[in-house]
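# Topology and contacts: notes
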Amino acid sequence: MHKQLQTQVAIIGAGPSGLLLGQLLAKAGIDNIVIERQSKDYVLSRIRAGVLEQGTVNLLNQAGVGDRLHREGLVHHGFDIAFHHQHLRLDLEKLTSGKHVTVYGQTEVTKDLSEARQALDLPSFYEASEVKVLDLLTDAPNVQFIHEQQAYSIKADFIAGCDGYHGVCRASIPKESIQEFERVYPFGWLGILSDTPPVQEELIYGNHPDGFYLCSMRSPTRSRYYLQCTVDEDIAKWSDNRFWDTLQARLPSSIAGNLVRGPSIEKSIAPLRSFVAEPLRYGQMFLAGDAGHIVPPTGAKGLNLAASDIYYLSNAFIEYYVDHQQSSIDQYSEKALQRIWKAERFSWWLTNMLHHFPEKSRFDQRIQQAEFDYLCHSELAQKSLAENYVGLPY
Ligand code: FAS
Ligand code: PHB
């Protein structure tokens, strides 16, 4: 026997997309329930993104979760791109007339959102199993799931599919009602987290003949590094020493000596793909964040695209319930996809420029070198990269 519940917006997924949407709706007085497959500890333990666009920071402020971000987030006014032993600093502040990014881990964003939701005592079901989304083409869609051996049925006005790339929402849309666009890259990222000072204060994105690397951080005492690896890499074959030796060999010689080694506190491999589903709506269900699109993390766009989706979707719901207008809801998919595709383009372009593609020819490798040379000698090229990196307007 299902326990019957009712809400205005049922949110599937308690990652950054779902929790941010829940906060913005609650602040506007719109009822919402979050249904999450994993445990809260599992969700809060995931190590993912690290760079926030100002638009994302503004939205987190609006959601009432900006305090710790302002205390602990690191404002970055530039970053380096290295090509073999050359490196170029991109002065974001100068190139974008005053814009910057903030380094603050997604883990912390999700923790802040989760605590804010708990403080408002908003209904959330973690460790929900057998989640189904039903009656999507009616004006009373339904979410069914099991929680602590009790079956639930939630009747909602709308369903927000914030359940990531492997979620149930997109998978519940009939094949004839959705188009999918995908590019899978022939490599992955091997990431390490260590309580060591970063090799330098700003990020370094590097292209080395042996592969891509990224030097990032979470704080002045906690570093986050990535190495390009094969898609079927066996992480058991990557001791900390092998990781540090490989990274140090790829760094420009002028920087390599500054690398501080230490024990890894997390080590994982992420596959890289570009993916977009169109449209981001099916009946009364809307897709947002990774449920609707994936970018290779090269451009630091994944989490930031989730934020702009939630900006559009939360405003559409608020307009519907507060102003009794339907137009923004009807325009959500088209509006979100315009920004999504531009971020997909940027992430694809930067991934192509910085990674070693095993199957690509020597001609392609010269083109990569030419991309870097053009960047070094053209302020317009640098401005284009910088405006995409800090985030295109919403
Ligand atoms: P998420 O995947 O974060 O959250 C979806 C939630 O839905 C999860 O908690 C999941 O458990 C839940 N869920 C799934 N199926 C469900 C179901 N059937 N029922 C209920 N709940 C369900 N982006 C960057 O910008 N930089 C990076 O370095 C970076 N690294 C990444 C590394 C990895 C391994 C991955 C997977 C992604 C990475 N990303 C990165 C992208 C990442 O940050 C996403 O853009 C971000 O997590 C998007 O947030 P959500 O849309 O909330 O999706
Ligand atoms: C990170 O710090 O995890 C990070 C930073 C920038 C990226 C990707 C990941 O482009």
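Higher on the page you've got the structure.
Note that the structure is a prediction, hence the values are computed from the model and not measured. (Residues numbered from 1 in each chain as written. Chains lettered and ligands numbered in written order. Predicted model: local features only at pLDDT ≥ 70, side-chain atom pairs only at ≥ 80, totals over all residues. Heavy atoms only, no water.)

### Details of the site of ligand 1
Around ligand 1 sit 29 residues in total, of which Ser17, Glu36, Arg46, Arg48 and Gln106 are the nearest. Contacts to ligand 1 include Arg46, whose side-chain N or O atom sits 2.7 Å from an oxygen atom. One nitrogen or oxygen atom from the side chain of Asp290 is found 2.9 Å from an oxygen atom belonging to ligand 1. Alone, ligand 1 offers 990 Å² of accessible surface; in the complex the protein occludes 86% of this. For the shell around ligand 1, the elements supplying multiple residues, two or more each, are α1 (16–27) and α9 (302–322). In the shell around ligand 1, the residues fall into 13 nonpolar, nine polar and seven charged. (Near = heavy atom within 4 Å. Polar contact = N/O pair within 3.5 Å; in protein donor to acceptor, adjacent residues only side chain to side chain. Areas by Shrake-Rupley, 256 points an atom, 1.4 Å probe, with all protein chains shown as cover. Helix = DSSP H or I, 4+ residues; strand = E, 2+ residues; numbered from the N terminus. Nonpolar A, V, L, I, M, F, W, Y, C, P; charged D, E, K, R; others polar.)

### Examining empty space enclosed by the protein
Taken as a whole, this structure holds three cavities of 30 Å³ or more when the rule is applied. Empty space within the largest cavity amounts to approximately 60 Å³. Forming the walls of the largest cavity are Glu53, Lys301, Arg339, Lys342, Ala343, Phe346, Asn388, Gly391 and Leu392. Tallied by class, residues from the lining of the largest cavity come to three nonpolar, two polar and four charged. Its boundaries defined by the atoms lining it, the second largest cavity holds a volume of some 40 Å³. Lining the second largest cavity are Pro16, Leu20, Thr56, Leu60, Val109, Leu113, Leu303 and Ala307. Of all elements in the fold, only α1, α3 (54–62), α6 (106–119) and α9 reach the threshold of two or more residues within the lining of the second largest cavity. Classifying every residue of the lining of the second largest cavity gives seven nonpolar, one polar and no charged. (1 Å grid on protein atoms, 1.4 Å probe; cavity = no way out; pocket = protein on both sides within 12 Å on 5 of 7 lines; lining within 4 Å. Points joined across faces, edges and corners; volume = space filled by probe spheres on them.)

### Considering the site of ligand 2
Among the 15 residues in the neighbourhood of ligand 2, the closest are listed as Tyr205, Ser216, Arg218, Tyr226 and Pro297. Between ligand 2 and Arg48 there is a distance of 3.3 Å, counted from an oxygen atom to a backbone nitrogen or oxygen. Tyr205 is positioned with one of its side-chain polar atoms (N or O) 2.8 Å from an oxygen atom of ligand 2. Burial of ligand 2 by the protein amounts to 97% of the accessible area it has alone, namely 280 Å². The element that contributes the greatest number of residues to the shell around ligand 2 is strand β14 (residues 211–219), accounting for three residues. Tallied by class, residues from the shell around ligand 2 come to nine nonpolar, three polar and three charged. Taken together, domain 1 (3–74 + 104–182 + 273–351) and domain 2 (186–272 + 357–390) each give at least three residues to the shell around ligand 2, which thus spans both. (Domains from an automatic or database assignment.)

### Topic: the pairing of strand β16 (residues 264–278)
As a general feature of sheets, a regular strand has side chains that alternate between the two faces. The sheet contact formed by strand β12 (residues 179–194) and β16 spans 13 bridges and is antiparallel. Of the residues in β16, the one forming a bridge with Ile192 is Lys267. (Pairing = 2+ DSSP bridges.)

### A look at the packing of α1 against α3
Taken N-terminus to C-terminus, the directions of α1 and α3 make an angle of 45 degrees; their axes are 9 Å apart at the nearest point. Taken together, the axes of α1 and α3 lie oblique to each other. Where α1 approaches α3, its residues Leu20, Leu24 and Lys27 are matched on the opposing element by Leu59, Leu60 and Gln62. A per-class count over the contact of α1 with α3 returns four nonpolar, one polar and one charged. (Axes fitted to C-alpha atoms, helices over the stretch in contact; angles between N-to-C directions. Parallel < 35°, antiparallel > 145°, perpendicular 65-115°, else oblique. Contact = heavy atoms within 4.5 Å.)

### What to know about the environment of Ala26
Structurally, the position occupied by Ala26 is in helix α1. Look at Ala26 and you get partly exposed, because its relative accessible area is 21%. Along the sequence, Ala26 and Leu392 sit 366 residues apart, while their C-alpha atoms lie 27 Å from each other. Those residues in contact with Ala26, other than ones at most four positions away along the chain, are Asn32, Leu120 and Leu122. (Buried < 20%, exposed > 50% of the residue type's maximum accessible area, 1.4 Å probe, protein only.)

### As for the sheet that holds β12
Hydrogen bonds between backbone atoms are what pair the strands of a sheet, whose relative direction is either parallel or antiparallel. Taken in spatial order, the eight strands of this open sheet run β6-β5-β13-β14-β15-β12-β16-β19, and their pairing is mixed. Looking at the sheet topology across the chains shown, the edges are occupied by β6 (86–91) and β19 (293–294). Judged from the two bridges that link them, β16 and β19 form a sheet pairing that is antiparallel. Within the sheet, the bridge partner assigned to Phe275 lies in β19 and is Ile294. In this fold helix α7 (residues 240–250) packs onto β12, β13 (204–208), β14, β15 (222–229) and β16, with an angle of close to 80 degrees to the strand it touches most, β15. In the packing of helix α10 (residues 327–354) onto the sheet, contacts are made with β5 (78–83), β12, β13, β14, β16 and β19, and the angle to β16 comes to roughly 125 degrees.

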